[in-house]
Amino acid sequence: AVVLLKKGAEPEQYVGILKAPQLLAWFSRHATGVEGSAGADGDSAGGSKAGSKAPVKKPVEIVNANMEELAALDDKEAMALVGLLASDVEKCASKVEELRGAVKDLQGMLPLLQVHVTPEDLPTLERYGVSASDMEAESKAEGCSLRLLLLPFGSDKA
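As the structure is a computational prediction, the values presented were derived from the model and not from experiment.

## Topic: the state of the cysteines
And step 1. Taken as a whole, this structure holds 1 disulfide when the rule is applied.
And step 2. Across a sulfur-sulfur distance of 2.0 Å, C92 and C144 are joined as a disulfide pair. The S-S bond linking C92 to C144 shows a torsion near 100 degrees; that makes this disulfide right-handed. Remark: C144 occurs in the loop between α4 (132–142) and β6 (145–151) and C92 occurs in the loop between β4 (80–86) and α3 (93–103); sequence separation between them is 52 residues.
And step 3. Since its relative accessible area comes to 1%, C144 is described here as buried.

Spelled out as structure tokens, the structure:
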């Protein structure tokens, strides 16, 4: 079962197909605040009270991992959200910030990882439903390519 716990709100259980695209869409709706009245910074629509202190925001913790660690995590069938980045670290800085913004509300709910994928690693991603050719083309055109992967992945792990 997947349950979303948000501060000051009732727990909400996900009822749907436990596959990455559907779960990512569900998490994204909550992460972007589409369903709530919170503003972009998390404050309510009415704003903050005069004289109140702004909460200290913790940076989003995303663990760097490599392809071997990704395979080991998938073999354990543990749940994790992984950002797959194709290109070198410097070229992917803006994509990493996009990833941090997208997953900020998921912190503490499941492990968050990022894997910098080398051109040699790209074919390995096919086992996770990621098109190596699409990632390679996007990386060449834009300097970096980002794909999100929700583990466990595969019809044998449903």
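Once the structure has been displayed, the description carries forward.
## Things to note about α4
And step 1. Of all the positions in α4, only A132, M135, E138 and S139 are classed as buried. Buried residues along α4 cover an arc of 135 degrees about the axis, so they all sit on one side. Along α4, exposed side chains directed more than 90 degrees from the buried face belong to K140 and A141.
And step 2. Structurally, α4 contributes buried residues whose contacts are with β4, α3 and β6.
And step 3. Just downstream of α4 lies G143, where phi reads positive at about 95 degrees.

## Looking at the pairing of strand β5 (residues 112–117)
And step 1. β5 sits mainly inside the fold: 5 of its 6 residues count as buried.
And step 2. Both strand β3 (residues 63–65) and β5 contribute to a ladder of 3 bridges, which runs parallel. Counterpart to V63 in the pairing with β5 is L113.
And step 3. Across 6 bridges, the pairing between β4 and β5 is parallel. Counterpart to L85 in the pairing with β5 is H116.
And step 4. Taken together, β4, α3 and β5 constitute a β-α-β crossover, and its handedness is right-handed.

## So, the environment of E136
And step 1. Secondary-structure assignment places E136 in helix α4.
And step 2. In sequence terms E136 and P119 are 17 residues apart; their C-alpha atoms lie 7.4 Å from each other.

## Let's talk about the nonpolar core
And step 1. Within the largest apolar cluster, 21 residues are counted, with the highest numbers of intra-cluster contacts made by L81, V103, L106 and L112.
And step 2. Breaking this core down by element, the ones donating at least two residues are β1 (2–4), α1 (20–31), β4, α3 and β6.
And step 3. Per-element accounting of this core gives the leading share, 4 residues, to α1.
And step 4. Leave out the neighbours within four places in its chain, and V103 touches V60, I62, L81 and L112.

Reading the values: rules and limits
Residues numbered from 1 in each chain as written. Predicted model: local features only at pLDDT ≥ 70, side-chain atom pairs only at ≥ 80, totals over all residues. Heavy atoms only, no water. Disulfide = S-S within 2.5 Å. Helix = DSSP H or I, 4+ residues; strand = E, 2+ residues; numbered from the N terminus. Buried < 20%, exposed > 50% of the residue type's maximum accessible area, 1.4 Å probe, protein only. Arc of directions from axis to C-beta. Contact = heavy atoms within 4.5 Å. Pairing = 2+ DSSP bridges. Right-handed = clockwise from strand over helix to strand, strands pointing away. Core = buried A, V, L, I, M, F, W, Y, C linked by side-chain atoms within 4.5 Å.

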